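# Understanding the architecture of this molecule
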Amino acid sequence: MHNISVNKSKVAFADKCGQKMGTFANTTEAKQFVSWLLNIK
């Protein structure tokens, strides 16, 4: 299960070190980052 939240250009996610937040220039970059997060192993 993934713990990811997206709000326009901000992405919040949890990893083994805790909660993280990323702010991107636009929604396209945020969506690309989420796609990358979902594909890393």
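In short, a report on the structure. What you are looking at is a predicted structure, and each value in this text was computed from that prediction instead of being measured. (Residues numbered from 1 in each chain as written. Predicted model: local features only at pLDDT ≥ 70, side-chain atom pairs only at ≥ 80, totals over all residues. Heavy atoms only, no water.)

Moving on to the nonpolar core. Membership of the largest hydrophobic core is limited to six residues, which are Val11, Phe13, Ala30, Phe33, Val34 and Leu37. Every element with two or more residues in this core is listed here: strand S2 (10-15) and helix H1 (27-39). If you tally residues by element for this core, the top one is H1, at four residues. Ignoring any residue separated from it by four or fewer positions in sequence, one finds Phe13 in contact with Asn3, Ile4, Gly18, Gln19, Lys20, Phe33 and Leu37. (Core = buried A, V, L, I, M, F, W, Y, C linked by side-chain atoms within 4.5 Å. Buried < 20%, exposed > 50% of the residue type's maximum accessible area, 1.4 Å probe, protein only. Helix = DSSP H or I, 4+ residues; strand = E, 2+ residues; numbered from the N terminus. Contact = heavy atoms within 4.5 Å.)

Note that S2 and strand S3 (residues 18-23) share six bridges and pair antiparallel. Note on S3: the bridge partner recorded for Phe13 is Lys20. Counting the residues that bridge the hairpin from S2 to S3 gives two residues. (Pairing = 2+ DSSP bridges.)

Attention now goes to the pairing of strand S1 (residues 4-7). Inspection of the sheet shows S1 paired to S2 by four bridges, in the antiparallel sense. Paired with Ser5 across the two strands is Ala12, which belongs to S2. Adjacent in sequence and paired antiparallel, S1 and S2 are bridged by two residues, among which Lys8 carries a positive phi angle near 55 degrees.

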